[in-house]
Amino acid sequence: MILKPNTFLGIFILLVLLDLVTGSMHFQEMRQFTKPLLLISLILFFGIKGSHLPKKIYSYTLLALCFSLLGDILLLYDHLATLYFILGLMAFLLAHISYALVFFTQGKKLFKKELRLVSGLLFAYGTTLYLILQENLGALKIPVIIYILGILTLSITAYSRKDQVNFPSFKLVFIGSLFFIASDSILAINKFLFVIPLSHLLVMGTYAAAQYLIVKGLLASND
């Protein structure tokens, strides 16, 4: 029997809650299973439900989800060595680029006024975040700049889909991209600036919402 979207949402929420609990209680061995399950479930769900989409969109979305899974696994070990953090950043950067290629394919080809305004606001936010963090980044300044540019591109191209796809699809994907920015911002501030109470809940909650909303929005793009 093919899994219904509402049934999958229930399963996904349970997996998210399981990971939030294991992470909050610092059960690192269990998190090696609970965290990857989030993206594995999305990959399977999109792989089945997204086969009706154009080949390029389908393939690049699966690629983005697979790079995200790799990033999730690498960041599980970032406390052991900085290399894991850098490799995790690279994996998520490739995920953002893959998503951006999907959104650009569906989006406006012209850089119109409204899109320029949104781009300006997003770049202003990214610049402010970097300036706040830069003194504590050390050798990671350049990788962080590149990463910020990557996630801003993700959100800008997500907005470029406005009026090119149906509104529910646009809304879900763009809100998902903003949740991605929120998740990465909380992660960066917690890692480089100061400890945020309940940071794990905030980072993983917004991250899971981001991935689910983007997948849900892309699946709705042909409706």
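Refer to the structure printed above.
All of the points below concern the structure found in this document.

Thresholds, definitions, all that
Residues numbered from 1 in each chain as written. Predicted model: local features only at pLDDT ≥ 70, side-chain atom pairs only at ≥ 80, totals over all residues. Heavy atoms only, no water. Helix = DSSP H or I, 4+ residues; strand = E, 2+ residues; numbered from the N terminus. Expected span 1.5 Å × (residues − 1). Buried < 20%, exposed > 50% of the residue type's maximum accessible area, 1.4 Å probe, protein only. Patch = residues over 30% accessible without salt bridge, like charges linked within 9 Å, V, L, I, M, F, W, Y side chains within 5 Å. Areas by Shrake-Rupley, 256 points an atom, 1.4 Å probe, with all protein chains shown as cover. Salt bridge = Lys/Arg side-chain N within 4 Å of Asp/Glu carboxyl O. Phe/Tyr/Trp six-rings, centres within 6.5 Å; stacked < 30°, edge-to-face > 60°.

1. With respect to helix α8 (residues 199–219)
Residues three or four positions apart in an α-helix share a direction because the helix packs 3.6 residues into each turn. Compared with the 30 Å implied by 1.5 Å per residue over 21 residues, the 30 Å span of α8 between its first and last C-alpha is a close match. Across the 21 residues that make up α8, a large majority, 16, are buried.

2. Observations regarding a nonpolar patch on the surface
Nonpolar side chains collect at one region of the surface, where Phe123, Ile142, Ile145, Ile146 and Leu149 lie side by side and expose about 420 Å² of accessible area between them. Sort the elements by how many residues they give to the nonpolar patch and helix α6 (residues 141–159) lands first, with 4 residues. If you trace the backbone, isoleucine 146 turns up in helix α6. Look at isoleucine 146 and you get partly exposed, because its relative accessible area is 43%.

3. Some words on the packing of aromatic side chains
The final tally for this structure, using the stated rule, is 14 aromatic pairs. Each ring, one from phenylalanine 46 and one from tyrosine 58, has its centre 5.6 Å from the other, and the planes form 25°; the classification is stacked. With phenylalanine 46 in helix α2 (residues 28–49) and tyrosine 58 in helix α3 (residues 55–75), this residue pair connects regions lying 12 residues apart in the sequence. This pair shows no difference in class: phenylalanine 46 is buried, exactly as tyrosine 58 is. Centre to centre, the rings of tyrosine 159 and phenylalanine 170 are 5.5 Å apart; their planes meet at 75°, and the pair counts as edge-to-face. Here tyrosine 159, found in helix α6, pairs with phenylalanine 170, found in helix α7 (residues 167–192); they are 11 residues apart in sequence, far enough to count as distant. Classification of tyrosine 159 by relative accessible area gives buried; the value is 11%. Classification of phenylalanine 170 by relative accessible area gives buried; the value is 7%. Ring pairing ties together the aromatic residues Phe8, Phe12, Phe45 and Tyr212, which thus form one cluster.

Geometric values such as these leave the question of function open.
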